[in-house]
Amino acid sequence: MHFVARLGFVAATLFALGACEEPKPEVAPIEQPIVETTQVEPLSIERAEQLKAFQQATTELPSGLVVCAESLLTLGKQFLDNVNAENLELVRTQWTGCQETYQASRALVGFTADHQFALEALHQNLGNKLEMPGYIDSVKGYPFSGIVNDSSLPLEAESLREQHGLTDKSDVSIGLDVIAFLLWGEQRYNAELPARSHDSFLQVSQWEDSRTDLPVSEHPNNRRRKLLQLTLQLALEDAQALQSTWIQSAQPNTETDADHWVQHQIKTFMLALEQQPNNEQLNSHVQSWVDQGVVPGVKPAPTKEDAPAEDLKQQLNSALQEPPLQAAAN
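Since the structure is predicted, the reported quantities are computational estimates derived from the model, not experimental observations.

Now for the packing of helix α9 (residues 255–275) against helix α11 (residues 312–320). Two elements in contact, α9 and α11, have axes whose closest approach is 10 Å; the angle formed by their N-to-C orientations is 155°. Relative to α11, the element α9 is oriented roughly antiparallel. Seen along the crossing, α9 lies across α11 with a hand that is left-handed. Together, Gln-263, Ile-266, Lys-267, Phe-269, Met-270, Leu-273 and Glu-274 of α9 and Leu-312, Lys-313, Leu-316, Asn-317, Ala-319 and Leu-320 of α11 make up the contact between the two elements. Per-class residue counts for the contact of α9 with α11 are 8 nonpolar, 2 polar and 3 charged.

The structure is reproduced here in structure tokens:
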């Protein structure tokens, strides 16, 4: 067969095969599902004013912590200038008041995720538990343990902050728990043990062992003195930062976000009151805020003289049953 003829045969065959193919069905358009869009309601002026009123009223709690920490630092310096049992007891008493105020302040919830994150960072500085006291000072069986006995670690504010949470959250080098261990010693963890003596804070001018080549500033007593003063100063700085962070917070952007915050704040108050029944600072402040009507969503109790006083936790719980909060809870 000639070449031209073969081309003609191939072309004819392809044409015939194409003619036998069934036509492709038309593709039906895909129907897009109808999505119901919910309109986001921005934060109303009225709600913004409510949150502002709450913020202003509750600032008294972190502000009270600052005042307490200032007095704690002053009493600490007074004790180190004149070391005796009476001055040590004054510092311990002041610490107890500051601890109660601090624990009460933890019941305040940030308005936004960023706000709460900033508050939590400061709570880690002030309130992390000292689970390993040997990280700070000597303990039974380990007389040379801790930062107090580690002359290779310079006692400076920056280095203490660096040591805090260095490898794990159990690495606690600053905060109220560290101060408590310095003040009470191991009695802080075992009531049967004697409290730390004020003598361990007496300034030492020379080593007991003349063969020691370290400067006398590295003597455990002198380092303990410096560590106490530094941790008191850092606690005040963190208390001031906590106060500033609470005051300068941004508000939620929408009504829905505000509803969720209200629900979270009320639940946090209830949980704190349950866990700290003897915290007078917490009870008195929350009761005052409810009575003033500044806690969003919580109605003040009736003021009729013949009406029984409503339990504070019941007042808060009743607020959670209100329709807007029920919707947020669901």
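Having put the structure on the table, let's press on.
What follows deals with the confidence of the model for the protein. Confidence along the protein averages 87 in pLDDT terms, with 83% of residues attaining 70 or more. Taken as a whole, residues 1–22 scores under 50 in pLDDT and shows 1 contact with residues more than four places along the chain or in a different chain. Low pLDDT (under 50) marks residues 326–330, which in the prediction has 6 contacts with non-local residues, meaning those over four places away or in another chain.

It is worth spelling out the side chain of Gln-55 at this point. Of note, Gln-55 is situated in helix α2 (residues 45–58). Within the structure, Gln-55 has its side chain in polar contact with the backbone oxygen of Trp-246 (distance 2.9 Å). There is a polar contact of 2.8 Å between the side chain of Gln-55 and the side chain of Ser-249. Residues within four places of Gln-55 in sequence aside, it is in contact with Phe-111, Trp-246, Ile-247, Gln-248 and Ser-249.

A few words now on the nonpolar core. Grouped together as the largest cluster of nonpolar side chains are 78 residues, with contacts concentrated most on Ile-136, Leu-228, Phe-269, Val-286, Trp-289 and Leu-316. Excluding residues within four positions of it along the chain, Val-286 makes contact with Phe-269, Leu-273, Leu-312 and Leu-316.

This part is about the side chain of Arg-225. Along the polypeptide, Arg-225 turns up in helix α8 (residues 220–247). In this structure Arg-225 is buried but unpaired, with Asp-81 as the nearest side chain of opposite charge at 5.4 Å. A polar atom in the side chain of Arg-225 sits 2.9 Å from the backbone oxygen of Phe-201. Not counting chain neighbours up to four residues away, the residues in contact with Arg-225 comprise Leu-80, Val-83, Phe-201, Leu-202 and Gln-203.

Right, let's talk about the state of the cysteines for a bit. Tallied over the entire structure, the rule returns 1 disulfide. Paired through a disulfide, Cys-68 and Cys-98 show a sulfur-sulfur distance of 2.1 Å. On the sign convention where negative is left-handed, the bridge of Cys-68 and Cys-98, at about -105° about the S-S bond, is left-handed. Here Cys-68 is found in helix α3 (residues 60–81), whereas its partner Cys-98 is found in helix α4 (residues 85–105), with 30 residues between them in sequence. The same class applies to Cys-68 and to Cys-98, which are both buried.

Let us look at helix α7 (residues 176–184). For α7, the buried fraction is high: 9 of the 9 residues fall into the buried class. For α7, the complete set of buried residues consists of Leu-176, Asp-177, Val-178, Ile-179, Ala-180, Phe-181, Leu-182, Leu-183 and Trp-184. Buried residues in α7 make contact with α4, α5 (113–127) and α8. Phi for Gly-185, located one or two positions after α7, is positive at around 70°.

This brings us to empty space enclosed by the protein. Considering all chains together, one arrives at 3 cavities of 30 Å³ or more under this definition. Taken as a whole, the largest cavity spans an internal volume of roughly 50 Å³. Lining the largest cavity, in full, are Pro-62, Ser-105, Leu-108, Leu-119, His-123, Leu-242 and Trp-246. Contributing elements (two or more residues each) for the lining of the largest cavity: α5 and α8. Grouping the amino acids of the lining of the largest cavity by side-chain chemistry returns 5 nonpolar, 2 polar and no charged.

Across all of its chains, the model carries 10 salt bridges by this definition. For Glu-255, the salt bridge is made with Arg-47, and the minimal N-O distance between the two is 3.6 Å. You can see Glu-255 sitting in helix α9 and its partner Arg-47 sitting in helix α2, a full 208 residues away along the chain. Comparing Glu-255 with Arg-47, the two get one shared label, buried. What you see here is one network of salt bridges that share partners, running through Arg-47, Glu-255 and Asp-259.

Cut-offs and rules
- Residues numbered from 1 in each chain as written.
- Predicted model: local features only at pLDDT ≥ 70, side-chain atom pairs only at ≥ 80, totals over all residues.
- Heavy atoms only, no water.
- Axes fitted to C-alpha atoms, helices over the stretch in contact; angles between N-to-C directions.
- Helix = DSSP H or I, 4+ residues; strand = E, 2+ residues; numbered from the N terminus.
- Parallel < 35°, antiparallel > 145°, perpendicular 65-115°, else oblique.
- Left-handed = near helix turned anticlockwise from the far one by under 90°.
- Contact = heavy atoms within 4.5 Å.
- Nonpolar A, V, L, I, M, F, W, Y, C, P; charged D, E, K, R; others polar.
- pLDDT = per-residue confidence, 0-100.
- Polar contact = N/O pair within 3.5 Å; in protein donor to acceptor, adjacent residues only side chain to side chain.
- Core = buried A, V, L, I, M, F, W, Y, C linked by side-chain atoms within 4.5 Å.
- Buried < 20%, exposed > 50% of the residue type's maximum accessible area, 1.4 Å probe, protein only.
- Lys, Arg positive; Asp, Glu negative; His and termini not counted.
- Salt bridge = Lys/Arg side-chain N within 4 Å of Asp/Glu carboxyl O.
- Disulfide = S-S within 2.5 Å.
- 1 Å grid on protein atoms, 1.4 Å probe; cavity = no way out; pocket = protein on both sides within 12 Å on 5 of 7 lines; lining within 4 Å.
- Points joined across faces, edges and corners; volume = space filled by probe spheres on them.

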